[in-house]
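Notes for the structure review
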Amino acid sequence: MVCLKLSALASTLVSLGAAIDISVNSTGGNATSGHQYGFLHEDINNSGDGGLYAELIRNRAFQISENFPATLDAWNPVNGATLSLKNLSTPLSNVLITSMNVASTAKQSEVGFENEGYWGMDVKAGNTYSGSFWVKGSYSGSFTASLQSNITGETFGSVEIPSESRPDEWIEHDFELTPSKDAPSSNNTFVLTFDASGVGDGSLDFNLISLFPPTFKGRKNGMRIDLVEALEAFRPTLFRIPGGNMLEGLTNRTWWDWKNSIGPLKDRPGFTGVWGYQQTNGLGLLEYLEFAEDLEMEVVLAVYDGLSLNGDITPEDALQPFIDDALDQIEFISGPADSKWGSARAELGHPEPWTLQYVEVGNEDWLSGAPEGWDTFKDYRFPEFLAAINKAYPDIQVISSGSYYDGYAIPNPAGGDYHVYGTPDSLVSEFSKFDNITVPHIIGEMAAVHPNGGTGWDGPQQPFPWWGGTVGEAVSLIGYERNSDRIIGAAYAPILRNMNRWQWDITMIQFTADTVTRSTSWYVWELMAGHIITETLPATSYFDPLYYVAGRNDNTGGYIFKAAVYNSTGGADVPVNLSFDGVAPGTTGELTVLTGPANPYGINSPYTGTNVVKTSTTTIRADGNGTFQLTLPNLSVAILDTGAPKSRRRNRGSERKG
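Residues numbered from 1 in each chain as written. Predicted model: local features only at pLDDT ≥ 70, side-chain atom pairs only at ≥ 80, totals over all residues. Heavy atoms only, no water.

**Quick look at the overall build of the protein**
Per the secondary structure count, the protein includes 10 helices and 31 strands. Seen through its C-alpha atoms, the protein measures out along the principal axes to roughly 90 × 60 × 45 Å. For the protein, buried positions account for 59% of its 658 residues. Counting contacts in the protein only where the partners sit at least 6 residues apart, residues at least 24 apart contribute 76% of the total. With the model as given, the accessible surface of the protein reaches about 24000 Å², and the carbon-plus-sulfur share is 48%. (Helix = DSSP H or I, 4+ residues; strand = E, 2+ residues; numbered from the N terminus. Buried < 20%, exposed > 50% of the residue type's maximum accessible area, 1.4 Å probe, protein only. Contact = heavy atoms within 4.5 Å. Areas by Shrake-Rupley, 256 points an atom, 1.4 Å probe, with all protein chains shown as cover.)

And the structure:
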């Protein structure tokens with residue numbers, strides 16, 4: 001690729017008001033992966049439990065782990081009941097050993113408990129809420145499940161569940177609850193009560209108390225609809241799971257073990273979360289894969305490689321079990337239904353294997369326990385994983401958790417993973433970073449997080465994505481897409497932030513129990529991902545302040561030009577004369593231009609709901625010479641597409657298999 005050697009000339013042209021002439025060839029380009037845009041998910045900011053994972057009950061199973069004891073967090077008594085935690089001689093399961101005892105001395109009255117949810121619950125009339133709970137103890141009568149206002153006590157919907165409870169056995173009770181009216185806010189609770197006079201010995205034991213709203217595509221144990229719709233709408237085609245730091249775990253005893261995340265919920269022990277809270281393991285490997293299938297995303301699977309966040313390093317003579325575990329995980333995803341782990345997948349309802357093209361070994365091994373952790377990764381851990389996976393699955397692209405720029409001569413045929421969190425200026429400097437790198441890479445995590453001229457990691461992040469930072473992201477994305485024959489794709493990270501508890505400020509989407517906010521970054525990534533280039537094409541190169549890439553999409557036959565203007569001289573508009581070899585005079589194209597507020601620090605605030613991003617879409621026509629004439633404002637992002645389809649969701653380079 002051509003580097004930035006002509007940038008000074010371009011700046012001079014713009015400052016004089018002359019147009020930048022760009023000619024795009026019709027041959028000599030490179031095929032792309034066809035899925036340049038996506039995101040990383042790990043459970044940070046309560047983006048899994050209390051977020052994407054639709055479960056409404058917080059602390060539903062009183063799970064314990066090495067760092068988190070069982071508690072009654074989010075649970076409160078109703079009508080004078082006494083709540084306590086017990087480890088019974090007969091627990092619900094071998095992994096859910098703690099349950100909640102509900103006792104009362106009151107006679108002839110309704111007692112029970114309520115749950116606050118993940119900082120509230122969204123209650124909508126006509127929606128069917130699917131619930132269940134396990135109970136042990138002698139009780140004749142009915143349970144009443146309801147959704148109530150935490151402010152007024154008003155009941156929006158309730159249902160009676162006949163008791164099948166037994167004194168010496170755990171019995172599951174299922175129910176459906178349909179509210180008759182909308183709650184005016186999300187300040188609501190789930191309440192379960194019973195008649196104390198019908199209890200044989202004065203108390204009952206409860207565990208795994210669950211309530212789901214309608215889920216995306218009706219998946220059991222599925223995803224929250226409005227959050228998925230916001231993600232789906234930006235058209236991601238790449239999905240990196242399960243992290244991120246979550247994969248590594250706090251220690252080599254508490255890494256994210258995928259086998260603990262599959263099967264019935266009562267057999268999932270939960271996970272020692274790395275971001276300050278216990279995780280349920282409800283959002284497990286199968287749920288991730290179904291989610292990827294529903295959104296037609298290509299999975300980049302990360303496998304644990306023997307290094308944890310505290311620097312625990314697995315010695316070489318103890319590494320083989322982790323290699324075997326990674327091979328088992330790959331077989332679970334992509335193996336035939338008659339294989340050991342493929343049959344386990346089939347028993348869970350998905351006999352057809354998923355396609356798996358990318359497997360990443362570890363996460364940021366250059367960071368945890370460095371330098372020893374990084375040295376052991378290069379010396380034996382990655383080479384042994386690479387050899388084993390390549391032998392068993394030669395068609396899978398194996399990816400190192402570090403990049404060329406982390407000082408690693410990545411062995412063939414592996415690729416690298418490059419992470420960048422920076423300022424707008426530093427992201428703009430990424431534009432030509434991979435022009436001369438031949439090893440394939442994924443941009444596994446990226447976002448603008450700090451302002452120009454600030455203190456960087458010595459200070460806080462910006463509170464939310466801001467327009468100037470978003471344009472910086474656009475420039476780097478365009479640079480990566482110029483090299484998309486080797487750049488597999490870019491993943492925004494982290495993707496979601498619960499506004500009630502978070503550990504990382506900058507995310508593409510923010511949410512509460514009943515709201516979803518799409519940040520300034522969402523609008524740029526949505527635009528970029530909506531116009532997939534399947535073949536990049538050579539173009540004359542005058543970069544700074546205009547940064548661009550050109551290509552075409554083989555599905556639509558359209559020619560595509562993606563551009564961003566960053567810090568033009570005096571904030572001037574940038575005129576462009578754009579011609580494509582083979583595009584005839586009079587050809588029309590759809591031009592979409594995104595601009596922001598006058599203040600480049602403007603944000604889409606979750607507190608006000610105001611969107612500062614302005615979208616302008618027009619149809620322009622090539623002149624008699626086949627040239628498109630356009631003028632782009634400073635700090636703008638634009639795409640011209642001569643083949644923009646009505647449904648850009650299908651604007652991809654190849655058919656996908658699930």
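**Regarding the nonpolar core**
Judged by nonpolar contacts, the single largest core of 146 residues is most densely connected at Phe291, Phe332, Tyr480, Leu546 and Leu578. Ranked by residues supplied to this core, first place goes to helix 7 (residues 372–392) with eight residues. If we ignore the near neighbours within four places in the chain, the residues touching phenylalanine 291 are Phe39, Leu52, Met223, Val228, Leu231, Phe239 and Met297. Grouped together as the second largest cluster of nonpolar side chains are 33 residues, Phe62, Tyr139, Phe143 and Ala183 included. (Core = buried A, V, L, I, M, F, W, Y, C linked by side-chain atoms within 4.5 Å.)

**With respect to the packing of helix 4 (residues 285–294) against helix 5 (residues 320–334)**
Across the interface, helix 4 lies against helix 5 with an axial gap of 11 Å and an inter-helix angle of 45°. The angle between helix 4 and helix 5 places the two elements in the oblique class. In this structure, helix 4 crosses over helix 5, and the sense of that crossing is right-handed. Contact residues: Leu285, Leu286 and Leu289 in helix 4; Gln329, Phe332 and Ile333 in helix 5. Of the residues belonging to the contact of helix 4 with helix 5, the class tally is five nonpolar, one polar and no charged. (Axes fitted to C-alpha atoms, helices over the stretch in contact; angles between N-to-C directions. Parallel < 35°, antiparallel > 145°, perpendicular 65-115°, else oblique. Left-handed = near helix turned anticlockwise from the far one by under 90°. Nonpolar A, V, L, I, M, F, W, Y, C, P; charged D, E, K, R; others polar.)

**Comments concerning empty space enclosed by the protein**
Counted under the stated rule, the structure contains six cavities of 30 Å³ or more. In this structure, the largest cavity occupies an estimated 80 Å³ of space. Contributing to the lining of the largest cavity are His41, Asp43, Gly48, Asp49, Met246, Trp256, Gln279, Thr280, Asn281, Gly282, Leu283 and Tyr288. Among the residues making up the lining of the largest cavity, the classes are represented as four nonpolar, six polar and two charged. (1 Å grid on protein atoms, 1.4 Å probe; cavity = no way out; pocket = protein on both sides within 12 Å on 5 of 7 lines; lining within 4 Å. Points joined across faces, edges and corners; volume = space filled by probe spheres on them.)

**Comments concerning the layout of surface pockets**
As a volume, the largest pocket reaches approximately 740 Å³. Taken together, 26 residues make up the lining of the largest pocket; nearest its centre are Ser132, Phe212, Lys220, Asn221 and Leu265. A per-element tally of the lining of the largest pocket places strand 8 (residues 129–136) first, with four residues.

**Quick look at the sheet that holds strand 1 (residues 20–24)**
One open sheet holds the three strands; their spatial order is 1-27-30, and the pairing between them is mixed. Each having just a single partner strand, strand 1 and strand 30 (627–632) make up the two edges of the open sheet. The average undirected angle you get between the axes of adjacent strands in this sheet is 25°. Across six bridges, strand 27 (residues 574–580) lies against strand 30 in antiparallel orientation. Of the residues in strand 30, the one forming a bridge with proline 575 is threonine 631. (Pairing = 2+ DSSP bridges.)

**A word on helix 6 (residues 340–347)**
Within helix 6, burial applies to Trp341, Gly342, Ala344 and Arg345. In an axial view of helix 6, the angular spread of the buried residues amounts to 155°, which keeps them on one side of the axis. In helix 6, the exposed positions that point more than 90 degrees away from the buried face belong to Lys340 and Glu347. Structurally, helix 6 contributes buried residues whose contacts are with helix 5. (Arc of directions from axis to C-beta.)

**Here's the deal with the packing of helix 5 against helix 6**
Each packed pair of helices is defined by two parameters, the angle between the axes and the distance between the axes. Put simply, helix 5 and helix 6 touch, their axes get as near as 7 Å, and they point 50° apart. Overall, the two elements helix 5 and helix 6 adopt an arrangement that is oblique. Note on packing geometry: the crossing formed by helix 5 with helix 6 is right-handed. Residue-level inspection shows Asp328, Glu331, Phe332, Ile333 and Ser334 of helix 5 in contact with helix 6, the latter providing Lys340, Trp341, Gly342, Ala344 and Arg345. Looking at the contact of helix 5 with helix 6 residue by residue, the class counts come to four nonpolar, two polar and four charged.

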